[in-house]
Every structure is written in structure tokens, then in C-alpha cells.
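So you can see what is in the structure, the chains are spelled out below.
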2 protein chains.
Amino acid sequence: MYSFTEENYLKAIYKLSDNKAGEITTNAIADAMQTKAASVTDMVKKLAEKQLLKYEKYKGVKLSAKGRKVAIDTVRKHRLWETFLHNKLNFKWDEVHEIAEQLEHIQSETLIDKLDDFLGYPAHDPHGDPIPGKNGEIKMHDVVTLSNLKKGDRCVVVGVVDHRTIFLKHLQKINLMPGSKIQVSTINEFDQSHNIKVNRNIELQISFDVAKNILVKIDS
Amino acid sequence: MYSFTEENYLKAIYKLSDNKAGEITTNAIADAMQTKAASVTDMVKKLAEKQLLKYEKYKGVKLSAKGRKVAIDTVRKHRLWETFLHNKLNFKWDEVHEIAEQLEHIQSETLIDKLDDFLGYPAHDPHGDPIPGKNGEIKMHDVVTLSNLKKGDRCVVVGVVDHRTIFLKHLQKINLMPGSKIQVSTINEFDQSHNIKVNRNIELQISFDVAKNILVKIDS
DNA sequence: TACAATTTTTAGACTAATCTAAAAATATTT
DNA sequence: AAATATTTTTAGATTAGTCTAAAAATTGTA
């Protein structure tokens, strides 16, 4: 239906729309896609012709309902495949992204439905990101970053803000990942570093930079 | 490493080499790839430059060891994915081919190794075709077509000669597939149709055309 | 062996996606 | 508001893969 490249552009634009409101600029897209502005202009014209987005010269773009659906479907496929790679094939959570970037473009609705069923209709991928449903609905769970908690608070890790491999590998190293239960022991005033207790037994000190990038659900 | 298209050409040439000895002609490749002879000439030149095959103008092509390895790896990936789709996602055996045609081009050696492990190192795909090993070795099991048996012989279905959907669907309909145990009851002299007993209880009559296209292992 | 038929290759053109370099529009600064 | 800087678009070229139509080579046949 849509090419590999078209799906990738739509996904990138969708992710940019999520952060900022309003129109998405050509340069922002070029940056996200690791390509040149001229290439973006060309592709954006093509996508506008196919009614996947609204484009006005020098004014940026905005996804149409149709374009957003394609983007969300691509995200759904990506996150289901990541879950498969992690839960069934035992890939570490920092290894799944690149392969899922390829798998997300496989064309078959039945395949994705059956994969979803095989995985037991998971709500979140290995990074804690929500997996959109078949109809495009996304259940955001209500989360805060670990850096928002106060001394004594209990929580469970559900995801990350920074998705870069270097950060994921770091969490892997200190054994902190989705599902880990945390209690904040102390917050050091000097550098805002946190002393935390993981899974009721391991004491750990993490920098403010790390705390800011961990998403948690407050244990109630 | 190699493009989608390059892998498909190498696989097609490999399959043609399997049947006939000697050089593979341009038209035969065009036919197998559903494309034009001119396109084949172009691609074959490119593959020859990359040392994936030997090409002499007007003389046809022959895979190099390197080219054959790429082709066999592609076949291995195809058949492992078919097995996954059939065994884990419950696709019927006539539905797996098209999706596997896409999945076979996903680039990741680790992925295939882990998939192989997840599936329990299967020796054959859902159609009974052997799955090449990591090093390219193919264990042919020693089979004959059902039409070669004599009255009273017992055997187990292990595969098919004709891989077209129309044939696979027919076998599905009469409930005859890999693993089915067969005993030949009668061979009708008039049209060579076979009366067989399946799994020790179901009596079935199949045409010579069907018997010729079923691969079996003799029960000893 | 020469003519015809078939196969294969070449030449030139097309599409999708990309790029560089230059031009045009918009935004910022003084 | 004019000058400068930045962003975006256009123009023209490139690459991978494909095509049609014509030319060249090979094969088959009389």
C-alpha cells in the first residue's frame, strides 16, 4: 500500500507532532529522518498529493486523519515486533529497535493480528511505550519521571524518556528496567542525585540525568 | 549487505540450477522472476561484477560459491519464517509463502539464529522442504512421490512437488498434509487413480495428478 | 550453407528517492 | 525599515531497478 519510505516519513512526522503542537517544519523532519531539507520538500509534496498530510509552502506540514492512521499503524507494528523480539526471542531491550525498524514495514494485516494474539495482546513494549490497538487507540498510562518523586515514595519503572542505546545499555548495566520496584531513600541536595532501593534489596545511587529519563508509575 | 532485488535474483537462479544442470538462460530467469529479459541482462551484469555469479554474453549464468551461499541463506530464512508462521502463528500452510517472501529479506544474522532456536531447530518447513543449516548444508531426506508406491505400501507424507496455492488448498480440503500416514489400498488401472487409507481410518480416492505431486517417506 | 526464427543484448527512457547548489521566501537584528 | 541570516524551495543530476524497441548473436531448418 505505502512504501517503506512513505511509512517512515509519516512515522517521523507523527512523532514530531506528538511533542510540539502546530505545524511541523521541513528542517525538523530532515533532522529526524537524517536526510536533507530538499529531499523532505519532495517527499512532503508527494504525501500531500496522496492526502496523507496538509502542506503549504514555507508553512510546514500537518498529518491528515488518514496519514495519522498510517503512522500509528506503523508504530503499532514496530512495538509489537519489539515485544516479540524481547519476550519470545530473548533479545535484550536495547537490541530490538533496529530489527523492528525493518519488520514494521512487512505488509500483512493478518500477520499483525496473529502476532498480537500470540503475544497475548500486550499493552506496552519492552521500553514501556504503549502499543496502539488495532483501531489506533493509544492508552497512555499515567506516569511521571523518577525525578519528580519525593523521599520515601514508592514506584514501578514503566519506561524511558531517552530511547538511545547508550542510555538503555546503562540501565541494563545497573539492572534497572520496566517492572523494577523502586523506593526513593534520599535525594542529595548538592547534585540532585538519588539514592534508591530496587526490588526491596539493592541500594543504588543514580544521577539526576538518569532520574529525569526514567518513567515510573506511582505505587499506590 | 545485498538488496531485496539481488537476493531475489540469486534465489531464483539457485532454484533453476537445482533442477537443470549447466548454465541458466536469461529467458528462464526472466520467466521465474516475472520480468523482462532486458532487465535480467542488466541485473546479471551487476551480480557478475560483485562476483556472485559467472556471466558470459549469450551463454547464460552460473552461481559462484559466494552467490550460492547468499541464495541458500535466503532460502533458509524463507523456510524458517514459514515454519514460524505455521507453527507459532497458526497460519495454514498455503498462506505462509507470500509473507515469508517479505520476511526473508530482513537483515540480521542474530535474528535468524534466535528464530531457529525458538523454533527448536526444525529440519523441514510446513511444505516438507528441508531448511538449510547455518553453514548452508542441506539434508535431503530420501523421498519418492506417492505415485511410485505399490498396492499395500505404507508411507508418511513429507512434502509436495507442486507448491502452487491451488494445489496446497486442494490437499487442505481433503485433509492430506505433512505427517499424514497413508496406506495404498488400490491403484485403478484405467486412470492410475489411487484409493488410499489416511491415518488408518479415512478412505480417499485421489487422482494420478495428485499422487504425482505428493512426496512421501516409505514407512519401514 | 543460407535463410528464418528465436534469444539475448544494447540503447534510451522512466520512476522513486536522493543529493548539491542556487534562488526565493521568511525571520531576525540593528 | 533596511540589511543580514536562516529556512525552504527549485532546478538539475544521480542511482537502482525497470521498461520498450531495435540491433546483434545464436539456433534451427530447408
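Procedures and definitions
The residue count restarts for each chain, going from 1 along the sequence in the order it is written. Working convention: letters from A go to chains and numbers from 1 go to ligands, in the order in which they are written. pLDDT decides what is reported in this predicted model: residues at 70 or higher carry local features, side-chain atom pairs at 80 or more are listed and counted, and totals for whole chains, interfaces and linings draw on all residues regardless. Water and hydrogen atoms were dropped before computing side-chain values, which therefore reflect all heavy atoms in the structure. Throughout, near means a residue has at least one heavy atom within 4 Å of the molecule or strand. N or O atoms within 3.5 Å of each other form a polar contact, as long as, within protein, one can give a hydrogen and the other can take it, and as long as residues adjacent in sequence are counted only when both atoms are side-chain atoms. Helix and strand labels come from DSSP, where a helix needs a run of H or I of at least four residues and a strand needs a run of E of at least two; each type is numbered from the N terminus. Under this grouping Gly is polar, as are all residues other than the nonpolar Ala, Val, Leu, Ile, Met, Phe, Trp, Tyr, Cys and Pro and the charged Asp, Glu, Lys and Arg. Throughout, a contact is declared for two residues whenever any of their heavy atoms are within 4.5 Å. Note: buried area is the sum, over both parts, of the accessible area (probe 1.4 Å) each one loses when the two are combined. For this document, the term salt bridge refers to a Lys or Arg side-chain nitrogen within 4 Å of an Asp or Glu carboxyl oxygen. Alignment of copies: least-squares fit on C-alpha atoms of residues with pLDDT of at least 70 in both copies.

Caption draft 1: Focus on the protein's contact with DNA strand D. Lining the immediate environment of DNA strand D, one finds 21 residues, of which K45, Y55 and K57 of chain A together with T35 and K46 of chain B sit closest. Expressed as a percentage, the sugar and phosphate content of the atoms of DNA strand D within 4 Å of the protein is 78%. Separating a phosphate oxygen of DNA strand D from a side-chain N or O atom of K45 of chain A is a distance of 2.4 Å. The side chain of Y55 of chain A places a nitrogen or oxygen atom 2.4 Å from a phosphate oxygen of DNA strand D. Listing elements by their share of the surface near DNA strand D, those giving two or more residues are α2 (26–33) and α3 (37–49) of chain A together with α1 (4–19) and α3 (37–49) of chain B. Looking at the surface near DNA strand D element by element, the count peaks at five residues for α3 of chain B. The class makeup of the residues in the surface near DNA strand D is eight nonpolar, eight polar and five charged.

Caption draft 2: Spatial organisation of the interface of chain A and chain B. With 19 residues of chain A at the interface, the matching set in chain B holds 19 residues. Roughly 1,600 Å² is buried in total at the junction of chain A and chain B, and carbon and sulfur atoms are behind 77% of that figure. The largest share of the area that chain A buries against chain B comes from L89, Q102 and K114 of chain A, three residues that together contribute 31% of it. Scanning the region where chain A abuts chain B turns up zero salt bridges. At the junction of chain A with chain B, the criterion picks out four residue pairs in polar contact (both at pLDDT 80 or more). Broken down by secondary-structure element, the contributors of at least two residues to the side of chain A that touches chain B are α4 (65–87), α5 (96–103) and α6 (109–118) of chain A. In terms of residue class, the side of chain A that touches chain B is made up of eleven nonpolar, six polar and two charged.

Caption draft 3: Highlighting the relation of the copies chain A and chain B. Mapping chain A onto chain B is achieved by rotating through 180 degrees and translating by 0.0 Å along the same axis, at an RMSD of 0.1 Å. In the structure described here, the two chain copies are related by an operation that fits a two-fold rotation axis. Across chain A, the smallest distance between a C-alpha and the rotation axis is recorded for L103 of chain A, namely 3.8 Å.

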